[in-house]
Amino acid sequence: MIIYNVTTNIHESVHDQWLKWMQEKHIPEILATNKFSSARIVKVLIEEDMGGITYSVQYFTDSKATLEKYYLEDAPKFRQEAQELFADKMLSFRTELEVISEH
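The model shown is predicted, which means the values in this text are computed figures rather than measured ones.

Participant: Can you break down the overall build of the protein chain residue by residue, with the values?
Facilitator: Helices and strands together make up the secondary structure of the protein chain, namely three helices and four strands. Counting from the amino terminus, the protein chain carries its helices and strands in the arrangement β-α-β-β-α-α-β. For the protein chain, whose C-alpha radius of gyration is 14 Å, the value lies close to the compact-globule estimate of 13 Å for 103 residues. Its C-alpha atoms give the protein chain principal-axis dimensions of roughly 35 × 35 × 20 Å. Looking at the protein chain as a whole, 39% of its 103 residues qualify as buried. A separation of at least 24 residues holds for 73% of the contacts in the protein chain among residues at least 6 apart in sequence. Total accessible area on the protein chain is roughly 6,500 Å²; 52% of this is exposed by carbon and sulfur atoms.

Participant: Got a sec to walk through the nonpolar core? Specific residues and values, please.
Facilitator: One finds Trp18, Tyr59 and Tyr70 to be the most contacted residues of the largest nonpolar core, which totals 22 residues. For Trp18, the residues in contact, after removing those within four places along its chain, are Thr8, Ile10, Ile41, Tyr55, Phe86 and Met90.

Participant: Explain the sheet that holds strand β1 (residues 2–10) to me, using residue names and the numbers behind them.
Facilitator: Taken together, four strands build an open sheet; the order of strands is β2-β3-β1-β4 and the sheet is antiparallel. Two strands lie at the open edges of the sheet, namely β2 (38–43) and β4 (90–98), each paired on one side alone. Pairwise comparison of adjacent strand axes, ignoring direction, gives a mean angle of 20° for this sheet. Relative to strand β3 (residues 53–61), β1 runs antiparallel, the two sharing nine bridges.

Participant: Give me helix α1 (residues 15–31): which residues, what numbers.
Facilitator: At Met22, α1 is deflected by roughly 50°, the largest bend along its length. Listed as buried for α1 are His15, Trp18, Leu19, Trp21, Met22, His26, Ile27 and Ile30. Tucked into the core, α1 has its buried residues touching β1, β2, β3, α2 (64–73), α3 (75–86) and β4.

Here is what the cut-offs are and how they apply
Residues numbered from 1 in each chain as written. Predicted model: local features only at pLDDT ≥ 70, side-chain atom pairs only at ≥ 80, totals over all residues. Heavy atoms only, no water. Helix = DSSP H or I, 4+ residues; strand = E, 2+ residues; numbered from the N terminus. Rg over C-alpha atoms; globule rule 2.2 N^0.38 Å. Buried < 20%, exposed > 50% of the residue type's maximum accessible area, 1.4 Å probe, protein only. Contact = heavy atoms within 4.5 Å. Areas by Shrake-Rupley, 256 points an atom, 1.4 Å probe, with all protein chains shown as cover. Core = buried A, V, L, I, M, F, W, Y, C linked by side-chain atoms within 4.5 Å. Pairing = 2+ DSSP bridges. Axes fitted to C-alpha atoms, helices over the stretch in contact; angles between N-to-C directions. Bend = angle between axes of the 7 residues up to and from the residue.

Okay, here's the thing in structure tokens:
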């Protein structure tokens, strides 16, 4: 299993709008691509020097190949929408994680 992790710091002034958009629109639309089996959003429990609130959104997929397909077919439109809505109020970085074992 592969976890596509998007860590985002969101400015307090748009936090509520962003969180609602993530839960009600963005995550459901990404799951509707059928490239991910599930997703979870978790709050990072540290205070950032730059301010804002940080979240990790984790999307679960079956393989690196499926994730690559998402990058090619879907990611650009989702990233563009986020940029249009939140611009300089949001800072994100992405990581790919491979599940080795679960206990």
